[in-house]
Amino acid sequence: GAGVSQSPRYKVAKRGQDVALRCDPISGHVSLFWYQQALGQGPEFLTYFQNEAQLDKSGLPSDRFFAERPEGSVSTLKIQRTQQEDSAVYLCASSFTEQFFGPGTRLTVL
Amino acid sequence: AQSVTQLDSQVPVFEEAPVELRCNYSSSVSVYLFWYVQYPNQGLQLLLKYLSGSTLVESINGFEAEFNKSQTSFHLRKPSVHISDTAEYFCAVSEDFGNEKLTFGTGTRLTIIP
C-alpha cells in the first residue's frame, strides 16, 4: 500500500487479556516508531526501531509492553495483562526522512 | 529533555477570519519543529516543518509558521480560514530529523464557525 497501515483499527479487551497490535510500514522505510495517544492528549513516544534493532524503548510504560520487528518490516506491539489505563489510540509511524503515521488502533480495556 | 506547550486546547474562529495557534517548546539542544494536523476520523498528517534556514515556513494550503529562537516559539498562522480547516493541530519537536522520536504538545482543536 501507499501508506502506513495498522490492524486492527479497533480492539476491545477485557482487563487481564493480552493484545497484539500490528503495523505495516511504508516499504523501504528503515525507521519505525510507536506512540500512545490517550484521550485528549498528544501522542507520546513508546519505542523506536531502526530495521530490526530496537534502539530506544524508553517510553514503554511497563514491562507488560513489548514490541518487535523481527525482519525489519512489520512490527507488533504486544501488551500483556491489559489494564484500564492502557486504553488509548496506539499510533505507528515509519520514516525515511520524515515520519508518516498510520491511522492508529483504538484499544479499549473494560 | 524537550517539551512542547500548546496553551489553547480549543480555538473557535469564524470562517474567513485569521487564526494563530500557539506553540512554545523547551530543549537544551537545537531542535526541529513540526506541525501535524489530524482531520476528523483520519490519521496524523505533516502540515509543515522547520529544519534550518528561513525561519518562516509555509504549507501548501495557506498555513505558515515562524520559528522564533529567542521566544522558543513556533506559532501557526493562517490569514483566512475555511470550513475544511476544522481539525486538531499538534505541534511537535525532535532533536534529529527522521530518526528521532517526536515530542508532541497536547493539541489545539480548531473549529471554524460558518
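Residues numbered from 1 in each chain as written. Chains lettered and ligands numbered in written order. Predicted model: local features only at pLDDT ≥ 70, side-chain atom pairs only at ≥ 80, totals over all residues. Heavy atoms only, no water.

Draft legend 1. Summary view of the overall build of chain B. Secondary structure assignment for chain B yields 0 helices and 12 strands. Counting from the amino terminus, chain B carries its helices and strands in the arrangement β-β-β-β-β-β-β-β-β-β-β-β. Over its C-alpha trace chain B gives a radius of gyration of 13 Å, about what one expects of a compact globule, namely 13 Å for 114 residues. Looking at chain B residue by residue over its 114 residues, the buried ones come to 45%. Here chain B displays about 5,600 Å² of accessible surface, and carbon together with sulfur accounts for 48% of that area. Looking at chain B, you have 7 positive and 12 negative side-chain charges, and the mean spots of the two groups are 4 Å apart. (Helix = DSSP H or I, 4+ residues; strand = E, 2+ residues; numbered from the N terminus. Rg over C-alpha atoms; globule rule 2.2 N^0.38 Å. Buried < 20%, exposed > 50% of the residue type's maximum accessible area, 1.4 Å probe, protein only. Areas by Shrake-Rupley, 256 points an atom, 1.4 Å probe, with all protein chains shown as cover. Lys, Arg positive; Asp, Glu negative; His and termini not counted. Charge placed at Lys NZ, Arg CZ, Asp CG, Glu CD.)

Draft legend 2. Inspection of the nonpolar core at higher detail. Of all hydrophobic cores here, the largest spans 28 residues; its most connected members are L33(B), W35(B), L47(B), L48(B), F74(B), L76(B) and Y89(B). Counting residues per element, the ones that place at least two in this core are β2 (10-14), β3 (19-21), β5 (32-38), β6 (44-50), β8 (64-68), β9 (73-78), β10 (87-94) and β12 (108-113) of chain B. Per-element tally for this core: the top contributor is β10(B), with 4 residues. Residues F49(A), L77(A), C92(A) and V109(A) belong to the second largest nonpolar core, which totals 20 residues. (Core = buried A, V, L, I, M, F, W, Y, C linked by side-chain atoms within 4.5 Å.)

Draft legend 3. The arrangement of the pattern of salt bridges in detail. For the structure shown, the criterion picks out 11 salt bridges over all chains. A salt bridge links D24(A) to R22(A), with the nearest nitrogen and oxygen atoms 2.7 Å apart. Here D24(A) falls in the partly exposed class, since its relative accessible area comes to 22%. A salt bridge links R109(B) to E88(B), with the shortest nitrogen-to-oxygen separation between them at 2.8 Å. One end of the pair, R109(B), is in strand β12; the other, E88(B), is in strand β10, and 21 residues separate them in sequence. The buried category is assigned to E88(B), whose relative accessible area is 14%. Where salt bridges share partners, they join E20(B), E64(B), E66(B) and R77(B) into one cluster. (Salt bridge = Lys/Arg side-chain N within 4 Å of Asp/Glu carboxyl O.)

Keep in mind these numbers describe shape, not what the thing actually does.
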